[in-house]
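Topology and contacts: notes
Here is how the chains run, residue by residue.
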Amino acid sequence: MIDANPLLNALDRLAGVRKKTLGKEHKLKWKLPEARLSFPLQDAEETVGLLEKKVHAKFLGGGEYSEVVHAKQFGEGVFSYLLVRTDRKTEEETVVAETYMVQEEEKLGLEVTSAYKMMEDLQELGYEEALAREYTVWRFASLEIPLAAFSIEEFGDFLEVALPATNFVHQRERSEKRAYELVAKLGLKKEDAIPTDVITLQMAGEMEKAQKGKGRR
């Protein structure tokens, strides 16, 4: 299993993940955006089996992909991604927007219909190539909680758990509690959680490797 401490240190520098706290208001004027938690795994395929047998999560699909991640920063610690994704079996190429950290009120300045333009020149939209990766993913859901198991070449295996957006702190706390109960059935602990998505985690890992490379010069 990957040592999470260096990645957490890199994430602090990238997005300040350890500094974020939830408000205590009973009802929030603006929604708490969707949040994601990543758990390092020993073996993603073994976890997939447990998701089916122990958690009884509904399998939504998956696949094997090659992907180039283009990133754009919206304020401190908030990123959106455009993923140029190629299915390794069919060679079909698609552009996928991954913008869960961007508040609904913030405008990305693009529409779904502009996918072809995005592929022609993503830099014009403010996106820079961040990393390339190859991975296998299995996607599940258990009630309101989406779960995805990733096996990423040359990076590692992870479980990503999503907490839905909400206007109510108690609903977020309830989703958090349910998520930790689910992962406990997989043999994972609350302390294993890294408070970000797998893409940002991998960006932090690349940053950590780059800094170590500079240190050896």
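First, a word on what this report is: a plain description of the structure on this page.

This part is about the overall build of the chain. When helices and strands are counted, the chain shows 5 helices and 9 strands. Its helices and strands in sequence order give the chain the pattern α-β-β-α-β-β-β-α-β-β-β-β-α-α, from N to C terminus. Here the chain holds 217 residues, and the buried ones make up 46% of them. Pairs at least 24 apart in sequence give 66% of the contacts found in the chain among residues at least 6 apart. Only carbon and sulfur atoms are counted for the fraction: they give 48% of the accessible area of the chain, which is about 12,500 Å².

In this structure, Phe-39, Leu-159 and Val-161 are the most contacted members of the largest nonpolar core, which totals 23 residues. Among the secondary structure elements, those contributing two or more residues to this core are strand S2 (35–41), helix H2 (44–53), strand S6 (128–142), strand S7 (145–152), strand S8 (156–163) and helix H4 (169–184). Looking at which element gives the most residues to this core, the answer is H4, with 4 residues. Residues contacting Phe-39, with those up to four places away along its chain left out, are Asp-157, Phe-158, Leu-159, Val-161, Tyr-180, Val-183, Leu-188, Lys-189, Asp-192 and Ala-193. Counting residues in hydrophobic clusters, the runner-up holds 18 residues, among them Ala-71, Val-84, Tyr-100 and Met-203.

Quick look at the environment of Tyr-135 now. Note on placement: Tyr-135 falls in strand S6. Under the relative-accessibility criterion, Tyr-135 is labelled buried at 1%. A C-alpha to C-alpha distance of 9.4 Å links Tyr-135 and Phe-155, two positions 20 residues apart in sequence. The residues contacting Tyr-135, other than those within four sequence positions of it, are Gly-63, Glu-64, Tyr-65, Glu-67, Arg-85, Arg-88, Phe-150, Ser-151 and Ile-152. Within polar-contact distance, the side chain of Tyr-135 engages the side chain of Arg-85 at 3.2 Å.

Strand order in this open sheet of 7 strands is S2-S8-S7-S6-S3-S4-S5, and the pairing throughout is antiparallel. In this open sheet, the two edge strands, each paired with only one partner strand, are S2 and strand S5 (93–98). Mean inter-strand twist for the sheet, computed between neighbouring axes without regard to direction, equals 30°. As paired elements, strand S3 (residues 58–73) and strand S4 (residues 79–87) share 9 bridges and run antiparallel to each other. In the sheet register, Tyr-65 faces S4, and the bridge partner there is Asp-87. Seen against the sheet, H2 touches S2, S6, S7 and S8 and runs at an angle of roughly 30° to S6.

Turning our attention to the environment of Thr-166. Note that Thr-166 resides in strand S9 (residues 166–168). Exposure remark for Thr-166: the relative accessible area of 5% places this residue in the buried category. Sequence spacing of Thr-166 and Lys-31 is 135 residues, and the spatial spacing of their C-alpha atoms is 5.2 Å. For Thr-166, the residues in contact, after removing those within four places along its chain, are Lys-31, Leu-32, Gln-171 and Arg-172. Within polar-contact distance, the side chain of Thr-166 engages the backbone nitrogen of Phe-168 at 3.0 Å.

The next point concerns H2. Those residues of H2 not exposed but buried are Ala-44, Thr-47, Val-48 and Leu-51. Buried residues of H2, viewed axially, fall in a sector of 105°; they line one side. Relative to its buried face, H2 has exposed residues pointing more than 90 degrees away, namely Glu-45, Glu-46 and Lys-53. On its buried side, H2 packs onto S2, S6, S7 and S8. For H2, the capping residue at the N-terminal end is Asp-43, with a side-chain oxygen 2.9 Å from the backbone nitrogen of Glu-45.

Calculation notes
- Residues numbered from 1 in each chain as written.
- Predicted model: local features only at pLDDT ≥ 70, side-chain atom pairs only at ≥ 80, totals over all residues.
- Heavy atoms only, no water.
- Helix = DSSP H or I, 4+ residues; strand = E, 2+ residues; numbered from the N terminus.
- Buried < 20%, exposed > 50% of the residue type's maximum accessible area, 1.4 Å probe, protein only.
- Contact = heavy atoms within 4.5 Å.
- Areas by Shrake-Rupley, 256 points an atom, 1.4 Å probe, with all protein chains shown as cover.
- Core = buried A, V, L, I, M, F, W, Y, C linked by side-chain atoms within 4.5 Å.
- Polar contact = N/O pair within 3.5 Å; in protein donor to acceptor, adjacent residues only side chain to side chain.
- Pairing = 2+ DSSP bridges.
- Axes fitted to C-alpha atoms, helices over the stretch in contact; angles between N-to-C directions.
- Arc of directions from axis to C-beta.

Taken by themselves, the reported measurements are silent on function.
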